[in-house]
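# Reading the structure
One-letter residues, chain by chain:
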Amino acid sequence: MYKVKKRPLKKEKPPVLYNILENYTDHDPPGNVMVCGMTEPENLAMHAQVLSESYDIPLEVMKDLLQKGGVYLYPHEGPLVTKGAFVCRVDPTGKNPKQTWVMDLEQYASAERVRQSYGVTLEEAMERVFYRGLPQELQDRLRQKNLGLHYTKVDPAIASGGDITYIDFRKDWSPHFKRKCVMPDGRLIETSGLHDFAELHGISVDETRRLLDHGGTIELKDGGALACQIINGQPSVARFNTRQYSKAKALAKEKELHMLDALSEVAYQDPVLMRALRRAESSS
């Protein structure tokens, strides 16, 4: 009796959210964005899920925004709010790709002034404010079909997808953008998204979101601490062990320093940490 050998099933490839990534994060804020585009048909469910997690917007609300376009205003929770609005622009003619972005409070305030001064809708005012803050090169390319890309010179897999269907202008901490955290021994540990970061450091996702949105410090269960500074709208994170954190607390008390300043002073005095911080800065 012969046994029939079964062919192993091919593993399904996970769906791709973006196949075009262009980095403009070196530009001055607020135009320091990552241009994330897609030439294949939109996977609405996955797209909405990732943006919902990234921007802390209810999933059903995000699905509706991606289908119809519109503005989501962030509620004021607590004394510090760093985001003003999420915007999804949908061209009713279908000629231009769908575009999404987040506006900070300063941009949102500027949009309100434009709305009142010119009598336009809030959505149109937000478009004006957002686009004029982008690098001039990017503004010019957005006026061209498919960002002016010559499909004969790009990856055939991208070109085969056709025209760009949507563009997300992003600069957030999400599963699609890996970030580095400087560890107490100088290692640079890469994480991708809120849940990955929370699991690595043994904190909750809510604590992670507050730390990366607003900066500051969090005490850890092992006696150490996480410190985050927001630089050009991007979170820069370092972890300190018990010894380093104890030294920082003593410095803060002795010199009446803010804890972030005390931890920075400890890092400056540690040659291993300083080398790691420089590597993290240069790689970002």
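Everything here concerns the structure above.
Computed from a predicted model, the values in this text were never measured in an experiment.

Our focus in this paragraph is the nonpolar core. In terms of nonpolar packing, the biggest core is built from 26 residues, with Val35, Met126, Leu134, Leu138, Leu142 and Phe169 touching the most fellow members. Of all the elements in the fold, those that place two or more residues in this core are strand E4 (83-89), strand E5 (98-104), helix H3 (105-118), helix H4 (122-132), helix H5 (136-142) and strand E6 (166-170). The element that contributes the greatest number of residues to this core is H4, accounting for six residues.

The subject of this paragraph is the pattern of salt bridges. Summed over all chains, the structure comprises 14 salt bridges. Among the ionic pairs, Glu190 bridges to Lys180, the shortest N-O distance being 3.6 Å. Of this pair, Glu190 sits in strand E8 (residues 188-191) while Lys180 sits in strand E7 (residues 179-182); the two residues are 10 residues apart in sequence, bridging distant segments of the chain. Of the residues examined, Lys180 reaches a relative accessible area of 34% and is grouped as partly exposed. For Arg187, the salt bridge identified is with Asp185, shortest N-O distance 2.8 Å.

Here we come to the side chain of Gln107. Mapped onto the elements of the fold, Gln107 is located in helix H3. Taking relative accessible area as the criterion, Gln107 reaches 6% and is therefore assigned buried. Setting aside residues no more than four positions away along its own chain, Gln107 makes contact with Pro30, Val102, Val129 and Phe130.

Turning next to helix H1 (residues 44-55). Under the 1.5 Å per step criterion, the end-to-end length of H1 is 16 Å for 12 residues, consistent within 8% with the ideal 16 Å. Judged by how many residues are buried, H1 sits mostly within the fold: nine of 12 residues are covered. Buried residues of H1: Met46, His47, Ala48, Val50, Leu51, Ser52, Glu53, Ser54 and Tyr55, and no others. Buried residues along H1 sit in contact with helix H2 (59-68), E4, E5, E6, helix H7 (194-201) and helix H8 (205-214). At the C-terminal side of H1, Asp56 shows a positive phi close to 55°.

With mixed pairing, the six strands of this open sheet are ordered in space as E1-E2-E6-E5-E4-E3. Each edge of the sheet is formed by a strand with only one pairing partner; in this case those strands are strand E1 (20-23) and strand E3 (70-73). Strand-to-strand, the axes of this sheet are offset by a mean angle of 15°, without reference to chain direction. Pairing of E5 with E6, which is carried by three bridges, proceeds in the parallel orientation. Bridge pairing links Lys98 to Tyr166 in E6. Together, E4, E5 and E6 form the strand contacts of H1, whose direction differs from that of E6 by roughly 15°. The sheet contacts of H4 involve E3, E4, E5 and E6, and relative to E5 the element is tilted by about 80°.

This part covers the side chain of Arg141. Within the element layout of this structure, Arg141 appears in helix H5. A polar contact of 2.9 Å, which involves the side chain of Arg141, links it to the backbone oxygen of Leu147. Ignoring sequence-local partners within four residues, the contact set of Arg141 consists of Glu22, Tyr24, Leu147, Gly148 and Leu149.

A few words now on the environment of Phe86. Examined against the element boundaries, Phe86 turns out to sit in strand E4. A sequence separation of 24 residues divides Phe86 from Met62, and the C-alpha atoms of the two residues are 9.6 Å apart. Leave out the neighbours within four places in its chain, and Phe86 touches Leu51, Tyr55, Ile57, Met62, Leu65, Gly70, Val71, Tyr72, Tyr74, Thr100, Trp101 and Val102.

What counts, and at which threshold
- Residues numbered from 1 in each chain as written.
- Predicted model: local features only at pLDDT ≥ 70, side-chain atom pairs only at ≥ 80, totals over all residues.
- Heavy atoms only, no water.
- Core = buried A, V, L, I, M, F, W, Y, C linked by side-chain atoms within 4.5 Å.
- Buried < 20%, exposed > 50% of the residue type's maximum accessible area, 1.4 Å probe, protein only.
- Helix = DSSP H or I, 4+ residues; strand = E, 2+ residues; numbered from the N terminus.
- Salt bridge = Lys/Arg side-chain N within 4 Å of Asp/Glu carboxyl O.
- Contact = heavy atoms within 4.5 Å.
- Expected span 1.5 Å × (residues − 1).
- Pairing = 2+ DSSP bridges.
- Axes fitted to C-alpha atoms, helices over the stretch in contact; angles between N-to-C directions.
- Polar contact = N/O pair within 3.5 Å; in protein donor to acceptor, adjacent residues only side chain to side chain.

That is the geometry; function is a separate question.
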